[in-house]
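Summary of structural features
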Amino acid sequence: MSKKENEKVNDKLGSTEKPLDVVREDPLADISGLISKEIPPGVDRRNFLMRSAVGGAAAVMMGRSVSTQQAIAKALATMPPQAAAGPKPPLAADLNVVKKGQGPVLTTADEFYKVGPGPSSSHTIGPMRITYDFYQRATKLPADKLAKATKLQVNLFGSLSATGKGHGTERAALAGLVGKEPATVDPLFLDSLRDKPDQTFPVKIGAKSIDVSLKDVIYDATKGDFKHPNTMTVKLLAGSEVLLEQEYYSVGGGFIEWKGYTPPKKNPPKYPFRLMKELRAHADNNKLSIAKVILANEMSIAGRSEEEVYAFIDKIINAMVATVKSGLSMSEDDVLPGPIKLHSKAATVYKRAMDDKYAADKGIAALSAFAIAASEENGRGHLVITAPTGGSAGVMPSLVYGLLEVRKVDRQKVRDGMLAALGVGYLCKHHATLSAAEGGCQAEIGVASSMAAALTATAYDAESLVVENAAESALEHHLGMTCDPVAGYVQVPCIERCAFGAVKAWTAYAIASNEIASRHRVDFDATVMALAETAKDMNSKYKETSEAGLALSVTLC
Ligand code: SF4
């Protein structure tokens with residue numbers, strides 16, 4: 001950046017209406033003042049923030065106080081050109097999932113908590129929603145075009161192609177084409193596609209019907225210049241003539257976008273927030289909990305009544321409890337699908353934990369068993385709940401089950417915990433990612449653990465700062481975690497990792513509720529920023545490609 005450009009940016013920063021606060025005694029303690037400022041265009045964010053902090057620290061060591069404004073100016077003056085910055089994320093800038101962090105959070109509960117078949121929201125729920133969406137579009141074509149149609153074809157690219165076989169992506173994509181939706185599909189239908197892969201199904205297109213089968217789902221290029229690592233195309237063909245083609249992206253957590261996507265118009269939130277510190281300020285200034293702020297926004301953005309919001313949350317809670325119960329009921333001789341030949345172990349861990357002579361050991365093992373139970377259900381391709389994804393589908397249900405069924409915590413408190421967890425998940429989606437193909441496992445289990453920590457703290461009536469601290473701590477201690485599923489199956493390390501995510505959530509709550517909250521040194525927004533930056537820097541081999549880590553070192557016999 002030239003000196004002149006620096007001056008321009010300095011002027012812009014200097015003209016803010018509200019003077020910036022003086023950096024606290026330790027300039028590394030709170031960088032939220034920097035986060036809330038727009039990082040100047042053309043500047044590498046991480047480098048910029050590091051330089052700001054280092055500059056401030058040097059000033060303090062020399063006994064000088066330094067304003068945030070001065071720290072920013074100093075950081076800009078010493079920035080290397082953008083070209084020297086770290087690797088770019090493999091995402092197109094026009095994707096909504098990339099642009100989204102600029103305005104207030106507008107995600108709603110029904111977009112976030114989705115019921116659908118495992119094992120991976122981005123590789124099963126997303127593709128099923130995509131082909132279902134395409135089918136709806138195709139049926140709207142003029143009758144004369146539809147009369148010519150002979151074939152439907154799905155092409156999978158990038159991570160969908162690299163690990164799709166292990167995730168059953170082709171089965172999910174075919175199910176969507178034949179009109180199945182994630183929330184209502186019978187997992188037995190998907191199992192039957194696995195057991196009898198040659199089945200064909202008639203799909204009604206206009207007046208005629210086209211036969212489709214798994215052969216119509218093609219595992220295409222794993223590497224290329226894709227807008228998103230989870231890219232797929234769907235086509236309606238008349239011989240070699242393309243009647244309709246759409247490029248789609250499964251952007252994580254079951255969310256989908258397509259080429260030319262514009263997000264649906266929504267009502268403004270009652271309490272707009274872009275950062276945790278803003279969310280918490282709404283709560284504190286209005287004498288509300290974080291959960292009630294999320295509830296009010298849910299009602300205003302989606303135009304729903306309080307009863308409707310809670311009815312939906314109840315549906316998700318019930319589904320979470322059901323998935324744990326179902327997982328615990330499976331015999332220890334059950335073997336999960338796929339080449340790993342992994343035995344189910346939730347029931348064994350739970351049964352043996354109950355005989356443990358120490359209550360604390362019993363508690364940790366039981367929480368782990370609940371997480372393993374739900375995660376094994378995911379591995380079986382049964383219905384799970386994205387919170388935020390399929391791979392992490394054991395974490396939140398473990399805490400929900402433990403709080404409701406074991407601790408007998410009042411249901412309303414668990415409902416509120418689910419809302420507070422949404423606030424955490426929304427912010428991670430807004431500024432970072434929920435997709436392992438973009439950010440590794442920190443984006444899945446890390447976010448799930450953070451949400452579960454907020455759920456637990458809220459269920460135990462913690463004040464908003466403790467909720468934030470618990471969520472921060474759980475996320476912080478997953479930073480850098482890679483995604484390397486063995487043989488491309490969401491089983492190893494995923495199933496046990498859900499147990500660790502659940503236990504870490506409990507640990508985060510235990511620390512946050514017992515420490516002096518105001519002395520917690522890392523704020524949630526800074527950790528989400530670290531999540532986003534770590535995601536960008538992570539080698540693509542560790543982003544759900546099964547090209548490195550355990551996927552390489554574990555040998556299957
Ligand atoms: S390693 Fe983590 S991110 Fe990767 S598939 Fe497993 S649970 Fe998902």
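Structure first, text after, so check above.
Residues numbered from 1 in each chain as written. Predicted model: local features only at pLDDT ≥ 70, side-chain atom pairs only at ≥ 80, totals over all residues. Heavy atoms only, no water.

1. What about the packing of helix α13 (residues 290-302) against helix α14 (residues 306-328)?
At their nearest, the axes of α13 and α14 sit 9 Å apart, and the two run at 110° to each other. By the angle between their axes, α13 is roughly perpendicular relative to α14. Once α13 is placed against α14, the crossing between them reads as right-handed. Seen from α13, the contacting residues are Lys-292, Leu-295, Glu-298 and Met-299; seen from α14, they are Glu-306, Val-309 and Tyr-310. Partitioning the contact of α13 with α14 into residue classes produces four nonpolar, no polar and three charged. (Axes fitted to C-alpha atoms, helices over the stretch in contact; angles between N-to-C directions. Helix = DSSP H or I, 4+ residues; strand = E, 2+ residues; numbered from the N terminus. Parallel < 35°, antiparallel > 145°, perpendicular 65-115°, else oblique. Left-handed = near helix turned anticlockwise from the far one by under 90°. Contact = heavy atoms within 4.5 Å. Nonpolar A, V, L, I, M, F, W, Y, C, P; charged D, E, K, R; others polar.)

2. Considering the sheet that holds strand β7 (residues 241-252)
With mixed pairing, five strands are arranged side by side in an open sheet as β5-β2-β6-β7-β8. What marks the edges here is a single partner per strand, and that holds for β5 (217-219) and β8 (255-258). Adjacent strand axes in the sheet meet at a mean angle of 25° when their direction is disregarded. The pairing of β7 with β8 spans four bridges and is antiparallel. (Pairing = 2+ DSSP bridges.)

3. Topic: the packing of helix α15 (residues 346-354) against helix α16 (residues 359-379)
At a closest axis distance of 8 Å, the pairing of α15 and α16 adopts a crossing angle of 165°. By the criterion of interaxial angle, the relationship of α15 to α16 is roughly antiparallel. Of the two possible hands of crossing, α15 and α16 adopt the one that is left-handed. Of α16, the residues touching α15 (which contributes Ala-346, Val-349, Tyr-350, Ala-353 and Met-354) are Lys-362, Ala-365, Ala-366, Ala-369, Phe-370, Ile-372, Ala-373 and Glu-376.

4. Thoughts on the packing of aromatic side chains
In the structure shown here, the tally under the stated rule is 12 aromatic pairs. Considering the side-chain rings of Phe-112 and Phe-255, the 6.5 Å spacing of their centres and the 70° angle between planes classify their relative orientation as edge-to-face. In this pair, Phe-112 sits in helix α6 (residues 109-112) while Phe-255 sits in strand β8, placing the two residues 143 residues apart along the sequence. The pair Phe-112 / Phe-255 is uniform in exposure class, with both members buried. Grouping aromatic residues by their ring pairs yields a cluster made of Phe-112, Tyr-113, Phe-255 and Tyr-426. (Phe/Tyr/Trp six-rings, centres within 6.5 Å; stacked < 30°, edge-to-face > 60°. Buried < 20%, exposed > 50% of the residue type's maximum accessible area, 1.4 Å probe, protein only.)

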